[in-house]
Amino acid sequence: MTKYGSFPGSRPRRLRTTPAMRRMVAQTRLHPADLILPAFVREGISAPVEIGAMPGVVQHTRDSLKKAAVEAMEAGVSGIMLFGVPEEEKKDAAGTVGTDPDGILQLALRDVRAEVGDGLIVMSDLCLDEFTDHGHCGVLDSQGRVDNDATLERYAEMAQVQADAGAHVVGPSGMMDGQVGVIRDALDQAGHEDVSVLAYTVKYSSAFFGPFREAVGSSLKGDRKTYQQDPANTRESLRELALDLEEGADMVMVKPAGPYLDILARVADAVDVPVAAYQISGEYSMIEAAAERGWIDRDQAIMESLTGIKRAGANMILTYWATEVARQL
């Protein structure tokens, strides 16, 4: 081919020539400390139970959860987010077991904190959905609607009980108006000023939550569209962000992660607090299912998906691959 002058004058491919060159100029790097492991602990089982819709993920016993926490810590993972799965007969309309000091989640918090101390940030999902017989994230009024303000009273109790059990961080995920402020006040009044609030600031009503409902044994009938956000909307995410920060959120989260990278980027650009993103069950299961069928390279797809989430602005990523990926990194 005849060359005209120095055409092409710019050759970006020079910076892609070798793995060492690509590594040197990479703008986004994953690190084990970026990762948080979500984990499920189930009451009344003697061995871990595989979650059918999430290959490779289990409902832990208290003992196997302690082992998983230690493995995550040793791999360099920063935190573990705990979800409790009570026995079905213990569920009631108010989610009472969620505030019982001897409820499964509180027992698990004590177990894990005793096992890892301050070597791993022990986080607790602060929501009622795992503990209610109707499966909603709050208590219901006489017409069957989620009662926002009555639910806040329950969240205040949950925050205090979870902090008493050893949580470094509570993660209110129910999307009730005013939840961060009420929880912050409750923690401070109970002498837990050092317990942080990771606000589920942006949580969309998403089809990608499907496998999670099996993981927590959800009793939900219907949907959560009156409190989780509409996937079509952006501005309300920024409004929720402003409210959570005003109410005292220490960190904020976008959930799901992959389908909402545009929202994640806008949130990250707007704040000066750490930003988390939760790569949820459906995101996990799609990659696992496609890889099982040989349609994609599993390891490359996992790394690419996590890199994209970090590139969009996440400081921390909740992912079910946290320990595995941390070991690879």
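For the structure, see preceding data.
The structure reproduced in this document is the subject of the present report. (Residues numbered from 1 in each chain as written. Predicted model: local features only at pLDDT ≥ 70, side-chain atom pairs only at ≥ 80, totals over all residues. Heavy atoms only, no water.)

By the element assignment, Arg-184 lies in helix H5 (residues 179–189). Accessibility expressed as a relative area gives 11% for Arg-184, which makes it buried. Once residues lying within four places of it in the same chain are set aside, the contact partners of Arg-184 are His-192, Glu-193, Val-195, Ser-196, Val-197, Glu-247, Gly-248 and Asp-250. Polar side-chain contacts of Arg-184 include one of 3.2 Å to the backbone oxygen of His-192. (Helix = DSSP H or I, 4+ residues; strand = E, 2+ residues; numbered from the N terminus. Buried < 20%, exposed > 50% of the residue type's maximum accessible area, 1.4 Å probe, protein only. Contact = heavy atoms within 4.5 Å. Polar contact = N/O pair within 3.5 Å; in protein donor to acceptor, adjacent residues only side chain to side chain.)

What follows covers the nonpolar core. Inside soluble globular proteins, nonpolar side chains tend to come together where they are buried. Phe-40, Ile-80, Leu-82, Tyr-155 and Tyr-278 are the most contacted members of the largest nonpolar core, which has 96 residues in total. Those residues in contact with Ile-80, other than ones at most four positions away along the chain, are Ile-36, Leu-37, Ala-39, Leu-65, Ala-69, Val-112, Leu-120, Ile-121, Val-122 and Met-123. (Core = buried A, V, L, I, M, F, W, Y, C linked by side-chain atoms within 4.5 Å.)

This brings us to helix H3 (residues 104–116). With 13 residues, H3 extends 18 Å between its outermost C-alpha atoms, agreeing within 8% with the 18 Å of an ideal straight helix rising 1.5 Å per residue. When H3 is considered as a whole, its buried residues turn out to be Ile-104, Leu-105, Gln-106, Ala-108, Leu-109, Asp-111, Val-112 and Val-116. Looking at the buried positions of H3, the neighbouring elements they touch are strand S1 (35–42), helix H2 (62–75), strand S4 (79–85), strand S5 (121–126) and helix H4 (148–164). Just past H3, the residue Gly-117 takes up positive phi, approximately 60°. (Expected span 1.5 Å × (residues − 1).)

The next subject is the pattern of salt bridges. Going through the model one piece at a time under the given rule, you end up with 14 salt bridges. The residue Lys-66 makes a salt bridge to Asp-63 at a minimum N-O spacing of 3.6 Å. In this pair, Lys-66 and Asp-63 both sit in helix H2, 3 residues apart, roughly one turn of the helix. Through salt bridges with shared partners, a single network forms among Glu-288, Arg-298, Asp-299 and Glu-324. (Salt bridge = Lys/Arg side-chain N within 4 Å of Asp/Glu carboxyl O.)

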